[in-house]
Amino acid sequence: MTDTILVLTEDTLNPADVQHILSLHEDERLAYRVLVPADTERNVISGIIDHLSVGELKQAWDEVLGREPSPTAAKAEASEQLERSVAELRAAGREADGAVVDDDPLPALRTAVAAGGVREVVVVTYPHAVEDTFHTDWASRARDELHVPVLHLYSGTSELG
C-alpha cells in the first residue's frame, strides 16, 4: 500500500506550492489526497484583520462590504480549486485525488487519518493573523487532534506557518 500525504488547502495549489510539497519527499513514490473546504462561513472580522495586517486596504474594505457565498457557489468554487490542484500534482507526475469538504475540515482530516495510510498532513493557507497568532488555524488544530506530523505552508511562499 502506498503512503498518502494529505493536503488541506484553502485555495488552488500553485506550482510553487506543489514544488514545496513534493520536495518534502523527493525520492519517494507517494499518493496525494487534496481536501478543499467549501467556505460558506467566512469570519468577516478575521478577514479584515488579515487584509489590514499585510496592507491590503482595498481588500479589507471589500471584506466589510462582502457577503458570505451561497453553499452552491462555495462548493462550485471549491470544486474548481480541487480540480486545478489535483491537475497540478498529476502534471508533476504524482498520483493524486481529492474531495471537497465542509467549512470545518477537521472532521474530514480525522476520518482520512483514521482510515489509515496517511503519513502526514500538509496544510497550505494564506497567513491569517488572528488564527495563526492564537493557534486556532487548521494546522494548529490538526496538530492537537491528529497523531501524524502536520506541516503548515503559506501559499506561494517557502514560509512555514
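Residues numbered from 1 in each chain as written. Predicted model: local features only at pLDDT ≥ 70, side-chain atom pairs only at ≥ 80, totals over all residues. Heavy atoms only, no water.

So, the sheet that holds strand E2 (residues 31–37)
Hydrogen bonds between backbone groups are what pair the strands of a sheet, and the pairing can be parallel or antiparallel.
So, step 1. The five strands are arranged E3-E2-E1-E4-E5 in an open sheet whose pairing can be described as parallel. The sheet terminates laterally at strand E3 (95–101) and strand E5 (150–154), the two strands that pair on one side only. Put simply, the sheet's adjacent strands are angled 20° from each other on average, direction ignored.
So, step 2. Judged from the five bridges that link them, strand E1 (residues 4–9) and E2 form a sheet pairing that is parallel. Residue pairing in the sheet places Thr-4 in a bridge with Ala-31 of E2. (Pairing = 2+ DSSP bridges. Helix = DSSP H or I, 4+ residues; strand = E, 2+ residues; numbered from the N terminus. Axes fitted to C-alpha atoms, helices over the stretch in contact; angles between N-to-C directions.)

Quick look at helix H1 (residues 15–23)
So, step 1. Residues of H1 that are buried include every one of Asp-17, Val-18, Ile-21 and Leu-22, and no others. All buried residues of H1 lie within an arc of 125° about the axis, which places them on one face of the element. Exposed side of H1, more than 90 degrees from the buried face: Pro-15 and Gln-19 are the residues found there.
So, step 2. Where H1 is buried, its residues meet E1, E2, helix H4 (71–91), strand E4 (118–125) and E5.
So, step 3. Where H1 begins, one side-chain oxygen reaches toward the backbone nitrogen of Ala-16, 2.9 Å away; that side chain belongs to Asn-14. (Buried < 20%, exposed > 50% of the residue type's maximum accessible area, 1.4 Å probe, protein only. Arc of directions from axis to C-beta. Contact = heavy atoms within 4.5 Å. Polar contact = N/O pair within 3.5 Å; in protein donor to acceptor, adjacent residues only side chain to side chain.)

Focus: the packing of helix H5 (residues 106–114) against helix H7 (residues 138–145)
So, step 1. Their axes nearest at 11 Å, the elements H5 and H7 cross at an angle of 40°. Between H5 and H7, the crossing angle belongs to the class labelled oblique. The element H5 and its partner H7 pack so that their crossing is right-handed. Packed against H5, whose contacting residues are Leu-106, Leu-109 and Arg-110, the element H7 presents Trp-138, Arg-141, Ala-142 and Glu-145 at the interface.
So, step 2. Broken down by class, the residue content of the contact of H5 with H7 amounts to four nonpolar, no polar and three charged. (Parallel < 35°, antiparallel > 145°, perpendicular 65-115°, else oblique. Left-handed = near helix turned anticlockwise from the far one by under 90°. Nonpolar A, V, L, I, M, F, W, Y, C, P; charged D, E, K, R; others polar.)

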